[in-house]
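Below are the chains, spelled out letter by letter.
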Amino acid sequence: MNVKIIISTILIASSITACSTTPTNPNAPIVLEQHKNISAEPATKHNLARLIKQTDNCVIEFTGSFETGKATEHWIFKGDQLISAFSNVDAEVEKKQTIFDIQDAEKLKNFDSLKKNFKATNLKKCQ
């Protein structure tokens, strides 16, 4: 009976140690904040906006669901500077990627509107 307890204890202790010593990737993206069903353009049935910290910049990932599919926008920025932006549409009628003109006033307005959904303290981590 004591042998079974000792073996069980050793197995449990080694599995706990293995989990706690598993290395983590310091460069892995980190979700700083996320919100569901924000007010955004284009209007969607359901949406999710996430602020993601990457090694050298941040991304606002906005996914909106429509009747026929979904669209995901990625707004890549550092500080107040928009670096690039694009959308992927995955719908019954089409599947396509669109790269946004980051100099376009309407696109910059959409970017600023998305940023307003996140806390200033989290956006500051994107400097």
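Our subject is the structure listed above.
So, how was this worked out
Residues numbered from 1 in each chain as written. Predicted model: local features only at pLDDT ≥ 70, side-chain atom pairs only at ≥ 80, totals over all residues. Heavy atoms only, no water. Helix = DSSP H or I, 4+ residues; strand = E, 2+ residues; numbered from the N terminus. Buried < 20%, exposed > 50% of the residue type's maximum accessible area, 1.4 Å probe, protein only. Areas by Shrake-Rupley, 256 points an atom, 1.4 Å probe, with all protein chains shown as cover. Lys, Arg positive; Asp, Glu negative; His and termini not counted. Salt bridge = Lys/Arg side-chain N within 4 Å of Asp/Glu carboxyl O. Polar contact = N/O pair within 3.5 Å; in protein donor to acceptor, adjacent residues only side chain to side chain. Pairing = 2+ DSSP bridges. Core = buried A, V, L, I, M, F, W, Y, C linked by side-chain atoms within 4.5 Å. Contact = heavy atoms within 4.5 Å.

### Concerning the overall build of the protein chain
Logical step 1: On a plain count of helices and strands, the protein chain comes out with three helices and six strands.
Logical step 2: Counting helices and strands in the order they occur from the N terminus, the protein chain gives α-β-β-β-β-β-β-α-α.
Logical step 3: Each of the 127 residues in the protein chain was classed as buried or not, and the buried ones make up 29%.
Logical step 4: Entry remark: accessible area of the protein chain is about 8700 Å², with carbon and sulfur atoms responsible for 57%.

### Regarding the side chain of Glu73
Logical step 1: With respect to the helices, strands and loops of the structure, Glu73 is situated in strand 4 (residues 69-78).
Logical step 2: Notably, Glu73 is buried but unbridged: the nearest opposite-charge side chain belongs to Lys107, and the N-O separation is 6.6 Å.
Logical step 3: Reaching out from Glu73, the side chain makes a polar contact with the side chain of Trp75 at a distance of 3.0 Å.

### With respect to the side chain of Thr63
Logical step 1: Relative to the elements of secondary structure, Thr63 occurs in strand 3 (residues 58-65).
Logical step 2: Reaching out from Thr63, the side chain makes a polar contact with the side chain of Thr72 at a distance of 3.3 Å.

### Brief notes about the pairing of strand 4
Logical step 1: Of all 10 residues making up strand 4, seven are buried, and the element is well covered by its neighbours.
Logical step 2: Of the pairings in the sheet, the one linking strand 3 to strand 4 comprises eight bridges and is antiparallel in character. Along strand 4, the bridge assignment pairs Gly64 with Ala71.
Logical step 3: A loop of three residues connects strand 3 with strand 4, the two strands running antiparallel in sequence.
Logical step 4: Judged from the 10 bridges that link them, strand 4 and strand 5 (residues 81-91) form a sheet pairing that is antiparallel. Directly across from Lys78, in strand 5, lies its bridge partner Gln81.
Logical step 5: In textbook terms, the turn of a hairpin is the stretch between consecutive antiparallel strands, and for strand 4 and strand 5 this stretch comprises two residues, one of which, Gly79, has a positive phi near 65°.

### A word on the nonpolar core
Side chains that are nonpolar tend, in soluble globular proteins, to be buried together.
Logical step 1: With 18 residues, the main nonpolar core has Leu51, Ile60, Trp75 and Phe77 as its most contacted residues.
Logical step 2: Tallying contributions element by element places strand 3 first for this core, with three residues.
Logical step 3: Ignoring any residue separated from it by four or fewer positions in sequence, one finds Ile60 in contact with Arg50, Leu51, Glu73, His74, Trp75, Phe77, Phe111, Leu114, Lys115 and Phe118.

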